[in-house]
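Chain by chain, the residues run as shown.
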Amino acid sequence: MYRPRRYLMCPPEHFRVTYSINPWMDLSKPVDVRLAMAQWSDLRDCYRSLGHTVDELTPHPDLPDLVFTANGGLVLEDRVLGARFAHPERYGEATVHEEWHRERGCVEFQRAQHTNEGEGDFAVTDRWLLAGHGFRSSPLAPQEAQEFFGRPVIALGLVNPRFYHLDTALCVLDDGTAGDGADGDGGSVRGREGSTVMYYPGAFSPGSRAVLERLFPDAIVAEEADALALGLNAVSDGHHVVLPQAAVGLLEPLRERGFEPVPVDLSELLKAGGSVKCCTAELR
Ligand code: ARG
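Read on for a plain summary of the structure. (Residues numbered from 1 in each chain as written. Predicted model: local features only at pLDDT ≥ 70, side-chain atom pairs only at ≥ 80, totals over all residues. Heavy atoms only, no water.)

1. A word on unusual backbone geometry
So, point 1. Its identity as a non-glycine residue notwithstanding, Glu77 has a phi of 50 degrees, on the positive side.
So, point 2. With respect to the element layout, Glu77 can be found in the loop between strand E3 (73–76) and strand E4 (79–82).
So, point 3. For Glu77, a relative accessible area of 60% puts it in the exposed group.
So, point 4. In this structure, Leu230 is a non-glycine residue whose phi angle is positive, near 55 degrees. (Helix = DSSP H or I, 4+ residues; strand = E, 2+ residues; numbered from the N terminus. Buried < 20%, exposed > 50% of the residue type's maximum accessible area, 1.4 Å probe, protein only.)

Printed below as a string of structure tokens:
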């Protein structure tokens, strides 16, 4: 069900690809900062037009990946588990996020002991916290998050380097509150308890794939082409699903389940291996 959200974003004013820490980052491909800014502004305006609040982080000239605010931490019920980045190129971002939360008066801020890249690898469902590990976040991060938030954590192993963060391979579509009946016949997913998700099985280890099948039997299972368009790097407010426009194969399955897809073009940011969700941290 739709709920207005609060998001944290950072304008890609200093966006560039000068180091390569994931397979999408090709140093020989030029980046158009003005285009990145225009696409990013469209995304921000899109959220506002959907009734959401967007806070902005001040960009930093030495931190080109700061635009990917999802990686700065996990904010849940006013507690913040700050990120500890895997790569030195991004270490500085953790401090920028920490200062922002402290200035905003966050009471419970904890800088993680174990490497975790925030909502890049953590996703919140109605009952659980899903936690990806394998490329960035430490396998010890799920345990640390469970202790901090007091919420059961499901650890999921990532195995394909193109899908180096959980949010490149899985998206939580709703928080499991009863649907509004928009799906007419009751649908197989909305209108009953339990979160629904969409994910790309090829990104996960065999055991983790089995866990996802068990927890989310009604999930939208994405095809490779849509996953490679970073179609799963989407943001849902419970009704609208903002996603990269190239992921056309996801549109019908979303509509069938009563969601309204909102395609956007973030092709310039894809050159750094990020899209809609990476640019969006949710302040819960
Ligand atoms: N260039 C960034 C990195 O490799 C992209 C981060 C994308 N963020 C995300 N939440 N998946 O770290």
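Still to come is the rest of the account.
2. Observations regarding the sheet that holds strand E5 (residues 108–111)
Each strand in a sheet pairs with its neighbour through backbone hydrogen bonds, running either in the same direction (parallel) or in the opposite one (antiparallel).
So, point 1. With mixed pairing, 3 strands are arranged side by side in an open sheet as E3-E4-E5. Each edge of the open sheet is held by one strand with a lone partner, namely E3 and E5. Taken pair by pair, the neighbouring strands of this sheet meet at an average axis angle of 10 degrees, ignoring direction.
So, point 2. Relative to E5, E4 runs parallel, the two being bridged by 4 bridges. Its bridge partner being in E5, Gly82 is matched across the sheet by Arg111.
So, point 3. Strands in contact with helix H3 (residues 141–149) are E3, E4 and E5; relative to E4, the strand with the most contacts, it is inclined by about 160 degrees. (Pairing = 2+ DSSP bridges. Axes fitted to C-alpha atoms, helices over the stretch in contact; angles between N-to-C directions. Contact = heavy atoms within 4.5 Å.)

3. Regarding the site of the ligand
So, point 1. Taken together, 15 residues are adjacent to the ligand, and Asn22, Arg90, His165, Asp167 and Cys278 come closest.
So, point 2. One nitrogen or oxygen atom from the side chain of Arg90 is found 2.5 Å from an oxygen atom belonging to the ligand.
So, point 3. Between Ala272 and the ligand, the recorded distance is 2.8 Å, taken from a backbone N or O atom to a nitrogen atom.
So, point 4. Isolated, the ligand exposes 350 Å² of accessible area, and the fraction of that covered by the protein chains is 100%.
So, point 5. The site holding the ligand turns out to be the largest cavity.
So, point 6. Grouping the amino acids of the shell around the ligand by side-chain chemistry returns 6 nonpolar, 5 polar and 4 charged. (Near = heavy atom within 4 Å. Polar contact = N/O pair within 3.5 Å; in protein donor to acceptor, adjacent residues only side chain to side chain. Areas by Shrake-Rupley, 256 points an atom, 1.4 Å probe, with all protein chains shown as cover. 1 Å grid on protein atoms, 1.4 Å probe; cavity = no way out; pocket = protein on both sides within 12 Å on 5 of 7 lines; lining within 4 Å. Sits in = over half its atoms within 2 Å of the grid points. Nonpolar A, V, L, I, M, F, W, Y, C, P; charged D, E, K, R; others polar.)

4. Digging into the layout of surface pockets
Remark: the empty space left among the atoms is shown by a probe the size of a water molecule rolled over them.
So, point 1. Considering only enclosed or pocket space, the largest pocket measures out at about 490 Å³ in volume.
So, point 2. Arg5, Val124, Val172, Glu282 and Arg284 are, among the 29 residues lining the largest pocket, the residues nearest its centre.
So, point 3. The set of elements that each furnish at least two residues to the lining of the largest pocket consists of strand E6 (122–124), strand E9 (170–172) and strand E12 (235–236).
So, point 4. Classifying every residue of the lining of the largest pocket gives 13 nonpolar, 4 polar and 12 charged. (Points joined across faces, edges and corners; volume = space filled by probe spheres on them.)

5. Some words on the pattern of salt bridges
So, point 1. Tallied over the full model, the rule gives 17 salt bridges.
So, point 2. The partner of Arg255 in a salt bridge is Glu252, with the nearest N and O atoms 3.2 Å apart. Within this pair, Arg255 and its partner Glu252 are both found in helix H6 (residues 251–256), separated by 3 residues, close to a single helical turn.
So, point 3. Note on Arg255: relative accessible area 46%, which makes it partly exposed. (Salt bridge = Lys/Arg side-chain N within 4 Å of Asp/Glu carboxyl O.)

6. Section: helix H1 (residues 33–49)
So, point 1. For H1, with 17 residues, the first-to-last C-alpha span of 24 Å sits near the 24 Å given by 1.5 Å per residue.
So, point 2. Regarding H1, the residues found buried are Ala36, Gln39, Trp40, Ser41, Leu43, Arg44, Cys46 and Tyr47.
So, point 3. In the core, the buried residues of H1 are packed alongside strand E1 (6–9), strand E2 (53–56), E12, strand E13 (240–244), strand E14 (260–264) and helix H7 (267–270).
So, point 4. N-capping of H1 is provided by Asp32, with a side-chain oxygen placed 3.1 Å from the backbone N of Arg34.
So, point 5. Immediately downstream of H1, the backbone of Gly51 shows phi near 95 degrees, a positive value. (Expected span 1.5 Å × (residues − 1).)

7. Quick notes on empty space enclosed by the protein
So, point 1. Within the structure shown, the criterion is met by 3 cavities of 30 Å³ or more.
So, point 2. Approximately 70 Å³ is the volume attributed to the largest cavity.
So, point 3. Surrounding the largest cavity, 14 residues form its lining, Phe68, Asn71, Arg90, Tyr164 and Ala272 being those nearest its centre.
So, point 4. By residue class, the composition of the lining of the largest cavity is 6 nonpolar, 5 polar and 3 charged.
So, point 5. Quantified by volume, the second largest cavity comes out at close to 40 Å³.
So, point 6. Residue lining of the second largest cavity: Cys10, Pro11, Pro12, Glu13, His14, Phe15, Pro59, His60, Leu63, Pro64, Leu66 and Val67, and that is the complete set.
So, point 7. Across the lining of the second largest cavity, the residue classes break down as 9 nonpolar, 2 polar and 1 charged.

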